[in-house]
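This is what each chain is made of:
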Amino acid sequence: MNLQESQARRRVARDRRRRAARRRLYGLIAAVVVVVVAVVAVASGSGGSGSSANGTGGVAVAPTAHRHGTRHARGAAANHAPQPRAAPAVSRSTVTGKATGVPGTAHIPILMYHVIAPPPPGAPFPGLYVSEPEFAAEMQALKAADWHAVTLDQVRAYWLHGVPLGPGKPVVLTFDNGYHSQYANALPVLERMHWVADENMQLQGLPPSQGGMTTGEVKALVDAGWELDTQGISHADLVGLDPSQLTYQVQSARRMLQHEYHVPVNWFCYPSGQYNAAVIAAVKAAGFVGSTTVVPGWAAPSDDFYALPRLRVLNGTSGPALLSELASIEGNPAPGGSYITG
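Here the structure is a predicted model, which is why all the values come from computation and not from measurement.

Our next topic: helix H4 (residues 152–161). Most of H4 is tucked away, with eight of its 10 residues classed as buried. Where H4 is concerned, the buried positions are Leu-152, Asp-153, Gln-154, Val-155, Arg-156, Ala-157, Tyr-158 and Trp-159. Gly-162 sits one or two residues past H4 and shows a positive phi near 75 degrees.

In structure tokens form, the structure reads like this:
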């Protein structure tokens, strides 16, 4: 082999090595680009569902996993030690997006329910009983009128940070005291609609033998996406309590529910609607972000969060009648700084 042939072969080999090196480099660059694109896609897809424990940011969203056939199994395991749980699922009809940073301005009605069953003979307050068929008809009327259920934490996130509440008109469904019928009769109706609600629990004075819920049943509500709030330990008239009793009723109730169910418990509900400046101060000191009253009206972002209005839904209210009542109270003035019936 002469010198020229040797040099030519070396050049060919060198060129081959260079092309191979370039191919490896291009392959590495392509792999990096694919990884970057995938990361960006994942980040964009999850950016609209950041979770927030106190309702001040995005709300964690997941399909409701709870089904009727599992509720009684959870009730049987109610005596087991509480276990930490993931953020509860929320309604598929209230899927929220990323906070816009622009506070929401919509006024939102809050409905108040008690017993979801017909009133028994001699019931002291028969108006507080709404039968399951009546309740189902009211919910269907709301849905047909383009309403959908959201929670108070979601409303607060919308008002403060512009977190969307989904299509249609938002309404909050609240259930007071913790009656068993709310689990047995209201939950199935709302589950079929993929709607959620707020449960205002009292911790004493309403045992299962008198129509209260078991620990397992309350956990079933939480698993179904309901928000857990409270009316205090025993539904006492808070206005007439001394400071230590008031602190016990308000602060201890929140701590006990947080420990048992591993949820924020951000909202307080005034028992029988009674409150004054001292009660509001105790509610704030306990860490609650707001409270609900029994004064009818629509809640607005300009309202005092510690005195939000609600509409009490009474026995005999048809679906169309409920829609009419909602329309009639839309322009009501906000509740005042106290509510004492005497």
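Still to come is the rest of the account.
Among the six residues in strand S5 (residues 227–232), six count as buried, and that is most of the element. Sheet topology places strand S4 (residues 198–202) next to S5; five bridges connect them, and they run parallel. Bridged to Gln-202 within S5 is Gly-232. Each parallel crossover has a hand, and for S4 linked through helix H6 (residues 215–223) to S5 it is right-handed.

Another point: unusual backbone geometry. Phi is positive for Asp-146, which is not a glycine, with a value near 75 degrees. Notably, His-235 is not glycine yet its phi reads approximately 60 degrees, a positive angle. Within the secondary structure, His-235 is located in the loop between S5 and helix H7 (243–261). The class of His-235 is partly exposed, set by a relative accessible area of 25%.

A few words now on helix H5 (residues 180–193). Between its terminal C-alpha atoms H5 stretches 20 Å, which fits the 20 Å expected from 14 residues at 1.5 Å a residue. Counted residue by residue, H5 has 11 buried out of 14 residues, so it is predominantly covered. His-194 occupies a position one or two residues after H5 and carries a positive phi of about 60 degrees.

The next subject is the packing of helix H3 (residues 132–144) against helix H9 (residues 319–328). Any two packed helices are characterised by the angle at which their axes cross and by the distance between the axes. Running from N to C, H3 and H9 cross one another at 55 degrees; their axes reach a closest spacing of 8 Å. Judged by the inter-axis angle, H3 sits oblique to H9. The element H3 and its partner H9 pack so that their crossing is right-handed. Each of Ala-137, Glu-138, Ala-141 and Leu-142 in H3 lies in contact with H9, whose residues at this interface are Gly-319, Leu-322, Leu-323 and Leu-326. Here the contact of H3 with H9 is built from residues that sort into six nonpolar, one polar and one charged.

It is worth spelling out the pattern of salt bridges at this point. Under the counting rule described, the total for this entry stands at one salt bridge. Ionic pairing is found between Arg-310 and Asp-176, a salt bridge with its closest N-O pair at 2.9 Å. Here Arg-310, found in the loop between strand S8 (298–299) and strand S9 (311–312), pairs with Asp-176, found in strand S3 (residues 169–177); they are 134 residues apart in sequence, far enough to count as distant.

With that settled, the discussion passes to the nonpolar core. Among the nonpolar cores identified, the biggest contains 67 residues, and Leu-111, Tyr-113, Phe-135, Met-139, Leu-173 and Phe-175 are the most heavily contacted of them. Counting residues per element, this core draws most heavily on H5, which supplies six residues. Every residue in contact with Tyr-113, bar those within four places of it in the chain, is listed here: Val-130, Phe-135, Glu-138, Met-139, Thr-174, Phe-175, Asp-176, Gln-182, Val-313 and Leu-322.

All chains considered together, the criterion is met by 10 aromatic pairs. Plain terms: the ring middles of Tyr-270 and Tyr-275 are 4.6 Å apart, the flat faces sit at 15 degrees to each other, and that makes the pair stacked. Accessibility classification places Tyr-270 together with Tyr-275 in one group, the buried group. Its end group placed over the ring of Phe-288, Arg-254 keeps NZ or CZ at 5.3 Å from the ring centre.

Take the environment of Pro-296 next. In this structure, Pro-296 sits in the loop between strand S7 (290–292) and S8. Residue Pro-296 is classed as partly exposed on the basis of its relative accessible area of 35%.

Thresholds, definitions, all that
- Residues numbered from 1 in each chain as written.
- Predicted model: local features only at pLDDT ≥ 70, side-chain atom pairs only at ≥ 80, totals over all residues.
- Heavy atoms only, no water.
- Buried < 20%, exposed > 50% of the residue type's maximum accessible area, 1.4 Å probe, protein only.
- Helix = DSSP H or I, 4+ residues; strand = E, 2+ residues; numbered from the N terminus.
- Pairing = 2+ DSSP bridges.
- Right-handed = clockwise from strand over helix to strand, strands pointing away.
- Expected span 1.5 Å × (residues − 1).
- Axes fitted to C-alpha atoms, helices over the stretch in contact; angles between N-to-C directions.
- Parallel < 35°, antiparallel > 145°, perpendicular 65-115°, else oblique.
- Left-handed = near helix turned anticlockwise from the far one by under 90°.
- Contact = heavy atoms within 4.5 Å.
- Nonpolar A, V, L, I, M, F, W, Y, C, P; charged D, E, K, R; others polar.
- Salt bridge = Lys/Arg side-chain N within 4 Å of Asp/Glu carboxyl O.
- Core = buried A, V, L, I, M, F, W, Y, C linked by side-chain atoms within 4.5 Å.
- Phe/Tyr/Trp six-rings, centres within 6.5 Å; stacked < 30°, edge-to-face > 60°.
- Lys NZ or Arg CZ within 6 Å of the ring centre and 35° of its normal.

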